[in-house]
Amino acid sequence: MLKSIISILALSYCTLCLAQSDSINDSSSRHINLKLAYISSLIYPGITTGIEFPLYHINEKVLKNQKIVRYFTKGRFVSGNLNWYHHPDFHDNLYLTAEWVMRRTKFSGFISEFSAGAGFSRTFLGGTTYKVDENGNISVIKLAGYNYALITIGGGFGYDFSMKKQLPLSAFAKMNLITMFPYNSTIYFRPVLELGIRYSPGIFRSKTIKESVYPSKPK
Amino acid sequence: MKQILFFISLLIFIGCQKEKITISSNASEAFYVENAGASMRVLVQGNTASSTFILVIHGGPGISSYFYDTKYISKNLGDKFAMVYWDQRNAGASQGTSNGGELHLDQMVEDLKKVIEVLKYRYGQNMSLFLLGHSFGSLIAADFITTVDYQNMIKGFINVDGSHNYPLNDTLTREALLKEGNYQVSQNKNVEKWLPIISYCNSHTGNFSIEESQQLGSYASEAENYVDSINHINIVTQVLKYSITNKYPVTAILSNLLYSEDSNFNKEIAIKQFSSSLNIVTIPVLLLWGKYDFTCPPDLGKDFYNHISSIDKRFVLSPQSGHNLILEDKKIFCNEVASFVLTHR
């Protein structure tokens, strides 16, 4: 019985081993990124700028019959972003977020990514705001608005120009969902489309250095 | 870099909140009134130079005033008067943080009073102001005009398919559904749709719980779909039509609606009635009702009409409307409102 199980497992393993991967922790690719993007919900415009710090970066090759069939890099980053959008007559929203970013870049340059984060939002109401006191005296509240806690998740795709051309740039499109709370004792959510570029100033400067080879793993 | 952006943004915000008061025949401006944890949006549109303002108190709770701002109304009322669209607390574009505890009727009446005070502060104390309540909005208006001398702040009240007495409303909804349902069945129209409604009404005869009241309300909305005489308006098409041009904050409207629909506030208003205090009302009143309004049946309007002491009062029944006369019979609506306001301003 045990023999049979071991045989089946060995067979399955051999089948899986037709494809093998080789992972290299490539510190030469570990660099900060600067981001600038246009953000919008439907027709309401905004802008976001941010900086990304790498946590780790792995170049991964998938082998089949000793040939590379797929090559891609996996990156993990933490980012800090300053965002703003303008919704006329409703509010302007200035919000800071810290995000954890998972990014995968194919050898062709195609990027896919996912991010999640938290932040702080300060809204500014979209019109003069009045307050009436007990005696009926009316005053204008300056910079009227509210502070909210904020959570964001998002996903998108893009193209990394450094993979094929010598350009330290990537372009991306990303859909984020921001939720703010407590908003009128409930949650406010807003889908935000982000279109932007990412600049990697250190991408060709660093030629190092330390490479770690991870054990091959079955695919 | 971030600091520069922050200061640029700050300048933009200050610019957006700069006090702007337009006196013209074609004004359009929004401002906010902050009270008890809520900043309520007020949109003023139309002829502010006329010094005649119609303040729309939307239905709900939790619906938004955005849905009342249509091209037809702008063209046919906004050209003569200034239309004022107020988003109640926890509705539409109104904003705040943990303010659910302040969501009750007395607070909304105080909110309304403050909105009127700000309107007069902005556009002149001598303005002619009319209230226009629709559905739940008329409950706020009924509370307002029966509170001390508040009715003196306005020139008249327009009650459109409104409710001033929720317990009576439930009774009348049940009766109206039974009457129309039995008629439609006798005519062999939508029989399979009407039978469950009739059955529910027959088995729930009075002293309605909040759940029964909500079920009657749900049947009342549904039943309008089975009446051919109504000039049906597709609300979804209407929303899509105006969501971009009127800059709807769609997700805020939705969040507020879901919160208000589910809040304890509904338990409070389920027992509210102002029939017994309406006798103090002496201002001119116009009542506009849809013949097939099962949500707030015409007999509710007649109860309002019979209890007020106003000498100048008028009741108009639209033969092609349900609960949304403002959209379903827009011609009657605009003509009657314009005539009433021109007479009493």
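All values derive from a computational prediction rather than experimental measurement.

Peer 1: Residues and numbers for the interface of chain B and chain A, please.
Peer 2: Across the boundary between the two partners, chain B contributes 38 residues, which contact 38 residues of chain A. Looking at the side of chain B that touches chain A, the elements that each hand over two or more residues are α1 (2-16), β1 (27-35), β2 (38-46), β5 (95-96), α3 (105-123) and α9 (250-262) of chain B. Take the side of chain B that touches chain A: its biggest share by element is 6 residues, from α1 of chain B. Of the residues belonging to the side of chain B that touches chain A, the class tally is 17 nonpolar, 13 polar and 8 charged. When strand β7 (residues 128-132) of chain A meets β1 of chain B, the two strands line up parallel, connected through 4 bridges. Looking at β1 of chain B, one finds that Y130 of chain A is bridged to V33 of chain B.

Peer 1: Could you give me a rundown of the pairing of strand β2 (residues 33-41) of chain A, with the residues and numbers involved?
Peer 2: Residue and element names in this part refer to chain A. Judged from the 9 bridges that link them, β2 and strand β3 (residues 44-64) form a sheet pairing that is antiparallel. When the bridges of β3 are listed, Y38 appears paired with I47. The turn linking β2 back onto β3 is made up of 2 residues, and L42 within it adopts a positive phi angle of 55°. Across 7 bridges, the pairing between β2 and strand β11 (residues 186-199) is antiparallel. The partner of S40 across the bridge, within β11, is L193.

Peer 1: Lay out the domain arrangement of chain B in plain terms, naming residues and giving numbers.
Peer 2: Residue and element names in this part refer to chain B. On domain assignment, one finds that chain B holds domain 1 (26-165 + 233-344) and domain 2 (166-231). A separation of 26 Å is found between the C-alpha centroids of domain 1 and domain 2. Contact residues are listed per partner, giving 25 residues for domain 1 and 19 residues for domain 2. Contributions of two or more residues to the side of domain 1 that touches domain 2 are made by α10 (265-269) and α11 (298-307). Taken together, the residues of the side of domain 1 that touches domain 2 sort by class into 9 nonpolar, 10 polar and 6 charged.

Peer 1: Lay out the environment of I311 of chain B in plain terms, naming residues and giving numbers.
Peer 2: Residues and elements named next belong to chain B. The topology assignment puts I311 in the loop between α11 and β9 (313-318). Overall, I311 belongs to the exposed group, with 7 C-beta atoms counted inside 10 Å. Spatially, the C-alpha atom of I311 lies 9.8 Å from that of V281, the residues being 30 residues apart in sequence.

Peer 1: Tell me what's going on with the confidence of the model for chain A, and back it up with residues and numbers.
Peer 2: All names here are of chain A. Mean pLDDT for chain A: 82, with 79% of residues reaching 70 or above. Here residues 11-22 is a poorly scored stretch, pLDDT under 50, and it has 23 contacts once near neighbours within four places are set aside; other chains count. Segment residues 204-219 is flagged for pLDDT under 50; beyond a separation of four residues in sequence, or across chains, it makes 28 contacts in the model.

Rules behind the numbers
Note on numbering: residues in each chain are counted from 1, in written sequence order. Chain labels run from A onward and ligand labels from 1 onward, assigned in the order the entries are written. With the structure being a predicted model, the display of local features is reserved for residues of pLDDT at least 70 and the display and counting of side-chain atom pairs for 80 or more, all residues being used for whole-chain, interface and lining totals. By the convention adopted here, residues make contact when the C-beta atoms placed from their backbones lie within 7 Å. Labels follow the DSSP assignment, with helices taken as runs of H or I lasting at least four residues and strands as runs of E lasting at least two, numbered in each case from the N terminus. Throughout, the ten residues Ala, Val, Leu, Ile, Met, Phe, Trp, Tyr, Cys and Pro are labelled nonpolar, Asp, Glu, Lys and Arg are labelled charged, and all others, Gly among them, are labelled polar. Any two strands between which DSSP finds at least two bridges are classified as paired. An automatic or database domain assignment provides the domain bounds reported here. A residue is called partly exposed when the number of other C-beta atoms within 10 Å of its own lies between 12 and 20, exposed at 12 or fewer, and buried at 20 or more, with C-beta atoms placed from the backbone. Note: pLDDT gives the predictor's confidence per residue, expressed from 0 to 100.

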